[in-house]
Amino acid sequence: MTPDADLRDALLAAVPSLRAFAISLSGQVDRADDLVQDTLLRALSHIDRFERGTNLNAWLFTILRNLFHSEYRKRRREVEDPDGSYAGRLKVQPEQGSRLDFEDFRSALAKLPADQREALLLVGASGFSYEEAANICGCAVGTIKSRVNRARSRLAGLLAVDDVEDLGPDRMTRAALQAIT
Amino acid sequence: MIQKGKRSLAAAPDASLSTAKPAHEPGLDRAIQSRIGDNLRAMYDELLQQPVPDRFRDLLGELEKTRSAEQKR
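Residues numbered from 1 in each chain as written. Chains lettered and ligands numbered in written order. Predicted model: local features only at pLDDT ≥ 70, side-chain atom pairs only at ≥ 80, totals over all residues. Heavy atoms only, no water.

## A word on the overall build of chain A
Working step 1: When helices and strands are counted, chain A shows eight helices and zero strands.
Working step 2: Listing every helix and strand of chain A by position from the N terminus yields α-α-α-α-α-α-α-α.
Working step 3: Counting over 181 residues, chain A shows a buried share of 49%.
Working step 4: For chain A, the exposed area adds up to about 8800 Å²; of that, 51% sits on carbon and sulfur atoms. (Helix = DSSP H or I, 4+ residues; strand = E, 2+ residues; numbered from the N terminus. Buried < 20%, exposed > 50% of the residue type's maximum accessible area, 1.4 Å probe, protein only. Areas by Shrake-Rupley, 256 points an atom, 1.4 Å probe, with all protein chains shown as cover.)

## Structural notes on the overall build of chain B
Working step 1: The secondary structure content of chain B amounts to three helices and zero strands.
Working step 2: Across chain B, helices and strands are ordered from the amino to the carboxyl terminus as α-α-α.
Working step 3: A burial count over chain B gives 32% of its 73 residues as buried.
Working step 4: Carbon and sulfur atoms make up 54% of the accessible area of chain B, which amounts to about 5000 Å² in all.

## Some words on the environment of A:Leu35
Working step 1: Following the sequence through the fold, A:Leu35 ends up in helix 2 (residues 29–45).
Working step 2: Excluding anything up to four places from it in sequence, A:Leu35 contacts A:Ala22, A:Leu64, A:Leu67, A:Phe68 and A:Glu71. (Contact = heavy atoms within 4.5 Å.)

## Here we look at the side chain of A:Ser17
Working step 1: With respect to the helices and strands, the residue A:Ser17 is situated in helix 1 (residues 3–26).
Working step 2: Relative accessible area serves as the criterion here: at 16%, A:Ser17 is assigned to the buried category.
Working step 3: Contacts of A:Ser17, omitting those with residues within four sequence positions, involve A:Asn57, A:Phe61, B:Tyr44 and B:Leu48.

## Looking at helix 6 (residues 114–125) of chain A
Residue and element names in this part refer to chain A.
Working step 1: Between the first and last C-alpha of helix 6 there are 15 Å, a value that for 12 residues agrees with the 16 Å anticipated at 1.5 Å per step.
Working step 2: Burial within helix 6 is extensive, with 11 of its 12 residues counted as buried.
Working step 3: All of the buried residues in helix 6 are Ala-114, Gln-116, Arg-117, Glu-118, Ala-119, Leu-120, Leu-121, Leu-122, Val-123, Gly-124 and Ala-125.
Working step 4: One or two steps after helix 6, the chain reaches Gly-127, where phi turns positive at roughly 80 degrees. (Expected span 1.5 Å × (residues − 1).)

## Some remarks on the pattern of salt bridges
Working step 1: A full pass over the atoms with the stated rule returns eight salt bridges over all chains.
Working step 2: Here A:Asp9 ties to A:Arg8 by a salt bridge, and the two come within 3.0 Å at their closest N and O atoms. (Salt bridge = Lys/Arg side-chain N within 4 Å of Asp/Glu carboxyl O.)

## What about helix 7 (residues 130–137) of chain A?
All names here are of chain A.
Working step 1: Buried within helix 7 are the following residues: Ala-133, Ala-134, Ile-136 and Cys-137. Down the axis, helix 7 shows its buried residues gathered within 160 degrees of arc, on one side only.
Working step 2: In the segment just after helix 7, Gly-138 is the residue with positive phi, at about 65 degrees. (Arc of directions from axis to C-beta.)

## Here we look at the packing of helix 6 of chain A against helix 7 of chain A
Residue and element names in this part refer to chain A.
Working step 1: With their axes 9 Å apart at the nearest point, helix 6 and helix 7 run at an angle of 140 degrees to one another. In terms of their interaxial angle, helix 6 and helix 7 are classed as oblique. Our pair here, helix 6 against helix 7, has a crossing hand that is right-handed. Judged by residue contacts, Glu-118, Leu-122 and Val-123 of helix 6 engage Tyr-130, Ala-133, Ile-136 and Cys-137 from helix 7.
Working step 2: Partitioning the contact of helix 6 with helix 7 into residue classes produces six nonpolar, no polar and one charged. (Axes fitted to C-alpha atoms, helices over the stretch in contact; angles between N-to-C directions. Parallel < 35°, antiparallel > 145°, perpendicular 65-115°, else oblique. Left-handed = near helix turned anticlockwise from the far one by under 90°. Nonpolar A, V, L, I, M, F, W, Y, C, P; charged D, E, K, R; others polar.)

## Things to note about the layout of surface pockets
Working step 1: Estimates place the volume of the second largest pocket at around 180 Å³.
Working step 2: Within the lining of the second largest pocket, the residues separate by chemical class into three nonpolar, four polar and two charged. (1 Å grid on protein atoms, 1.4 Å probe; cavity = no way out; pocket = protein on both sides within 12 Å on 5 of 7 lines; lining within 4 Å. Points joined across faces, edges and corners; volume = space filled by probe spheres on them.)

## Quick look at the confidence of the model for chain B
As a general rule, the predicted coordinates of low-pLDDT regions are not to be interpreted in detail.
Residue and element names in this part refer to chain B.
Working step 1: Mean pLDDT over chain B stands at 69; residues scoring 70 or higher make up 52%.
Working step 2: Averaged pLDDT values over the elements of chain B bottom out at 42 in helix 1 (residues 4–10) and peak at 85 in helix 2 (residues 26–48).
Working step 3: Contacts from residues 1–22, a stretch scored under 50 in pLDDT, to residues over four places away or in other chains number 29 contacts.
Working step 4: Here the complex is predicted with pTM 0.72, and the ipTM for its interfaces comes to 0.72. (pLDDT = per-residue confidence, 0-100.)

## A word on the environment of A:His46
Working step 1: Here A:His46 shows up in the loop between helix 2 and helix 3 (56–78).
Working step 2: Between the C-alpha atom of A:His46 and that of A:Leu122, which follows or precedes it by 76 residues, the distance is 23 Å.

In structure tokens:
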């Protein structure tokens, strides 16, 4: 196998996790795929900067994350309230076979500030350590920890409120069922 | 009958019926935190299992061809 074929295979193998991160981060499949494509192109053109034997995924995530933020900053200058539109866009995700639960969860995730969402996705879903996530985001480990904590408690608040809202009709259903049986 | 996540909330004081933030009981927090973790991983797994779009295979396949052509020159 040539080194290039190895590299191609390694990049291809990284695509699913890059996409999962990009989709969860941006809330938009098309935009996420553009981000992944730009990430691959940039990685290839800077491949000499990658130290073989180190974590390729972490390097790729760093590139994707930086692209996302520079694009985000550009967009913010163009459009007002990019965060507010995130929740709406999030619904365009492919939903085949997904449980209703995710809907609530995705919209709660969408309400988090981008830096908290990013930290939570890196540590809680992508399987990076706090140290790796800090490297990817270019910040201190303590910053990542506090972002993850804030993300978790914000989500807890949002999801708990959702549950409470669900409670009313649910209770009535249960009461009705109990009355029948 | 009662769903797991909701039982703990139903058992919470009356404040649970208002839209105010729920009281921070340790047990409730733990239940919600584990639900967050489960949801996050489940949502992510679903995304990870999606097939890789052709555009990425094509892109990387093209690249390999170009590179090996360059090397032969």
